Amino acid sequence: MTDKISYAIGLSMGHNFKGEGIEINNPEDFSKAVLDVLQDREPEMTIEEAKQVINTYFMKLHEERMELNKKAGAEYQMINGKKEGVTTLPSGVQYEVLKKSEGEKPSATDKVKCHYHGTLINGAVFDSSVERGEPAVFPVNGVIMGWQEILQMMPVGSKWRVTIPYQHAYGERGAGQSIEPYSTLIFDIELLGIEK
């Protein structure tokens, strides 16, 4: 009969590993190491050696993930750039006009009022003034480079869908929990006004 506590702990560990992208290539060695600790047997490596192996493994996982973010973003932009109505600027920033307007365009030193909806290329929402129900007000030169470039091109009253490559977004640092390093970002931006 299954020992429910032991099974539950194993199940929880398995889910955690899977969630973190950790693959156990050799379950026998994994089980042996767990039993060595639990049964006070001499382990085959010191805890310091184990930490070193684990750190190297996680560095490799991280690098693979970052490379994937770069490639996925570049591929998304390549496909998006071929869509009718999408313009790609020399910086790599892309935009599509969703709603036209002939209003005034802000300068870098202006403050603007915007509604926006920000997603990753997989559709996950990371920030949205639309969902909060309250427009945001901020200086044009106080936001990421991709926004700075686009806002100065947008007439007040217009709404654009903007795709920003990582170099003009949060780069190799990322931002918070939701935006990983090297992430390409998509925003629906509605420029509501210039605050004088």
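Residues numbered from 1 in each chain as written. Predicted model: local features only at pLDDT ≥ 70, side-chain atom pairs only at ≥ 80, totals over all residues. Heavy atoms only, no water.

J.: Explain the pairing of strand β7 (residues 185–195) to me, and be specific about the residues and the numbers.
T.: Counting buried positions along β7 gives nine out of eleven residues, so the element sits mostly inside the fold. Bridge analysis of strand β3 (residues 111–120) against β7 gives ten bridges, and the strand direction is antiparallel. The residue bridging His 117 from the neighbouring strand is Asp 188, located in β7. As paired elements, strand β6 (residues 159–164) and β7 share six bridges and run antiparallel to each other. Each bridged residue has a counterpart across the sheet, and for Thr 163 the counterpart in β7 is Ile 186. (Buried < 20%, exposed > 50% of the residue type's maximum accessible area, 1.4 Å probe, protein only. Helix = DSSP H or I, 4+ residues; strand = E, 2+ residues; numbered from the N terminus. Pairing = 2+ DSSP bridges.)

J.: Which residues make up the pattern of salt bridges, and what values go with them?
T.: Applying the stated criterion across every chain yields a total of nine salt bridges. For the salt bridge of Lys 32 with Asp 36, the shortest nitrogen-to-oxygen distance reads 3.0 Å. Of this pair, Lys 32 and Asp 36 both sit in helix α2 (residues 27–38), four residues apart, which is roughly one turn of that helix. Its relative accessible area of 6% is what places Asp 36 among the buried residues. A salt bridge links Asp 36 to Arg 41; the nearest nitrogen and oxygen atoms lie 2.8 Å apart. Beyond isolated ion pairs, a larger network of salt bridges with shared partners links Lys 32, Asp 36, Arg 41 and Glu 44. (Salt bridge = Lys/Arg side-chain N within 4 Å of Asp/Glu carboxyl O.)

J.: I'd love a proper account of the side chain of Asp 110, names of residues and values included.
T.: Of note, Asp 110 is situated in the loop between β2 (94–99) and β3. Given a relative accessible area of 15%, Asp 110 falls into the buried group. From its side chain, Asp 110 meets the backbone nitrogen of Ser 107 in a polar contact 2.8 Å long. Apart from the residues lying within four places of it in its own chain, the contact partners of Asp 110 are Phe 138, Pro 139, Val 140, Ile 194 and Lys 196. (Polar contact = N/O pair within 3.5 Å; in protein donor to acceptor, adjacent residues only side chain to side chain. Contact = heavy atoms within 4.5 Å.)

J.: Summarise the packing of aromatic side chains; cite the residues concerned and give the values.
T.: This structure, assessed with the given rule, holds eight aromatic pairs. Note on Tyr 57 and Phe 58: the rings are 5.7 Å apart at their centroids and 65° apart in plane angle, and the pair reads as edge-to-face. Every member of this aromatic cluster is reached through a ring pair, and the members are Tyr 116, Phe 126, Phe 138, Trp 147 and Phe 187. Sitting above the plane of the Tyr 182 ring, Lys 70 keeps its charged end 4.5 Å from the centroid. (Phe/Tyr/Trp six-rings, centres within 6.5 Å; stacked < 30°, edge-to-face > 60°. Lys NZ or Arg CZ within 6 Å of the ring centre and 35° of its normal.)

J.: Residue-level account of the nonpolar core, with values.
T.: Counting residues in each nonpolar core, the largest one holds 27 residues, and the members touching the most others are Trp 147, Ile 150, Leu 151, Phe 187 and Ile 189. Secondary structure elements with two or more residues in this core: β3, β5 (136–139), α5 (145–151), β6 and β7. Element by element, the count of residues in this core is highest for β7, at five residues. Ignoring sequence-local partners within four residues, the contact set of Ile 150 consists of Leu 89, Val 93, Tyr 95, Trp 160, Val 162 and Ile 189. (Core = buried A, V, L, I, M, F, W, Y, C linked by side-chain atoms within 4.5 Å.)

J.: Which residues make up a nonpolar patch on the surface, and what values go with them?
T.: A cluster of nonpolar residues, Ile 5, Ile 9, Met 13, Val 34, Val 37 and Leu 38, forms a patch on the protein surface that exposes about 580 Å² of accessible area. Mapped onto the elements, Ile 5 comes out in helix α1 (residues 4–19). By relative accessible area, Ile 5 is classed as exposed at 62%. (Patch = residues over 30% accessible without salt bridge, like charges linked within 9 Å, V, L, I, M, F, W, Y side chains within 5 Å. Areas by Shrake-Rupley, 256 points an atom, 1.4 Å probe, with all protein chains shown as cover.)

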